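Inside the fold
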Amino acid sequence: MLNNFVYSYVGRSIYFFLGYFIDKFYSNKKSKKIIYILGIISFIITTILFKVTTPVNIWTYSLTFTLFSIMVFTFIRDKINLNKIKKIILLLGKYSLSIYMVHMIFIKLFNSIIPKGNMNSYIYALIIVILTILFSLGFGIIIDNILVKRIKNELKNKNE
């Protein structure tokens, strides 16, 4: 259990924290322009590093990939006009921290209760991924809108 708790705060978790906070800090034109410039430069640097060196975590833990990810998220949020896809991405972004915090629980749960049997490995993995996303999202929405909202209101009322 402790290993799962520690896992939640290392490695790729930075992307889920970024997804949660990016809307709050990068909303004006100047900051968006900086995001796009840094994202493009980061993509170019990452591509060069990928061609020139042996990449180790070049696509996951590097600053350049993080900056590129922020640019892609900002672009999707601001420029994509496909409302259904945009709504899904923004919904996942809004609850990304909550999803991240519980997704391992659901992965382990579904791996233990869904029999693999003779099922194709890719189909099995796809089923686990879809169920994990759906249940993690549902749980994240419930936690954020009931528990977190209630705590915020209580703290707000105490401060007034």
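Preceding block: the structure.
Residues numbered from 1 in each chain as written. Predicted model: local features only at pLDDT ≥ 70, side-chain atom pairs only at ≥ 80, totals over all residues. Heavy atoms only, no water.

**Comments concerning the overall build of the chain**
Each helix and strand counted, the chain has 7 helices and 0 strands in total. Helices (α) and strands (β) of the chain occur, in sequence order from the N terminus, as α-α-α-α-α-α-α. Buried residues in the chain amount to 26% of all 160 residues. Considering only contacts in the chain between residues 6 or more positions apart, those separated by 24 or more positions represent 69%. Carbon and sulfur atoms provide 70% of the accessible area of the chain, an area that totals close to 11700 Å². (Helix = DSSP H or I, 4+ residues; strand = E, 2+ residues; numbered from the N terminus. Buried < 20%, exposed > 50% of the residue type's maximum accessible area, 1.4 Å probe, protein only. Contact = heavy atoms within 4.5 Å. Areas by Shrake-Rupley, 256 points an atom, 1.4 Å probe, with all protein chains shown as cover.)

**A few points about the nonpolar core**
I22, I35, F65, F68, I70, M71 and F73 together form the largest nonpolar core, which totals 7 residues. Of the residues forming this core, the biggest block, 5 residues, is contributed by helix 4 (residues 63-79). Apart from the residues lying within four places of it in its own chain, the contact partners of F68 are G39, S42 and F43. Judged by nonpolar contacts, the second largest core, of 6 residues, contains V102, F106, I114 and Y124. (Core = buried A, V, L, I, M, F, W, Y, C linked by side-chain atoms within 4.5 Å.)

**Points about the pattern of salt bridges**
Opposite charge on two side chains permits pairing when their charged atoms draw close. Applying the stated criterion across every chain, the model contains 1 salt bridge. Salt-bridge contacts for K32 lead to D78; the nearest nitrogen and oxygen are separated by 3.2 Å. Placement of K32 in helix 3 (residues 29-52) and of D78 in helix 4 is noted, with a sequence separation of 46 residues between them. Under the relative-accessibility criterion, D78 is labelled partly exposed at 26%. (Salt bridge = Lys/Arg side-chain N within 4 Å of Asp/Glu carboxyl O.)

**Re a nonpolar patch on the surface**
On the surface, I40, F43, I44, I48 and V52 cluster together to form a nonpolar patch covering roughly 480 Å² of accessible area. Summarising the element assignment, V52 is placed in helix 3. (Patch = residues over 30% accessible without salt bridge, like charges linked within 9 Å, V, L, I, M, F, W, Y side chains within 5 Å.)

**Quick word on helix 4**
Compared with the 24 Å implied by 1.5 Å per residue over 17 residues, the 24 Å span of helix 4 between its first and last C-alpha is a close match. Among the residues of helix 4, those classed as buried are T64, F65, T66, F68, I70, M71, F73, T74 and R77. (Expected span 1.5 Å × (residues − 1).)

**Observations regarding the packing of helix 6 (residues 96-113) against helix 7 (residues 121-159)**
Geometrically, a packed helix pair is captured by the angle between its two axes and the distance between the axes. Closest axis-to-axis distance for the helix 6/helix 7 pair is 8 Å, and the angle between their directions is 135°. Accordingly, the angle class assigned to the pair helix 6 and helix 7 is oblique. Along this stretch, helix 6 crosses helix 7, giving a crossing that reads as right-handed. Contact with helix 6, carried on its side by S98, I99, V102, H103, F106, I107, F110 and N111, involves Y124, I128, L131, T132, F135, S136, L137, F139, G140 and D144 of helix 7 and no other residues of that element. (Axes fitted to C-alpha atoms, helices over the stretch in contact; angles between N-to-C directions. Parallel < 35°, antiparallel > 145°, perpendicular 65-115°, else oblique. Left-handed = near helix turned anticlockwise from the far one by under 90°.)

**Considerations on the side chain of S136**
Its location among the elements puts S136 in helix 7. Within the local environment of S136, its side chain forms a polar contact with the backbone oxygen of T132, the two atoms lying 2.7 Å apart. Setting aside its immediate chain neighbours within four residues, S136 contacts I99, V102, H103 and F106. (Polar contact = N/O pair within 3.5 Å; in protein donor to acceptor, adjacent residues only side chain to side chain.)

**Here we look at the packing of helix 5 (residues 83-94) against helix 7**
Taken N-terminus to C-terminus, the directions of helix 5 and helix 7 make an angle of 60°; their axes are 10 Å apart at the nearest point. As the angle between them shows, helix 5 and helix 7 are arranged oblique. Pair helix 5 / helix 7 crosses with left-handed handedness. The segment helix 5 lies against helix 7, with L91, L92 and K94 engaging I133, L137, I141 and D144. When the residues that make up the contact of helix 5 with helix 7 are grouped by side-chain class, the tally is 5 nonpolar, no polar and 2 charged. (Nonpolar A, V, L, I, M, F, W, Y, C, P; charged D, E, K, R; others polar.)

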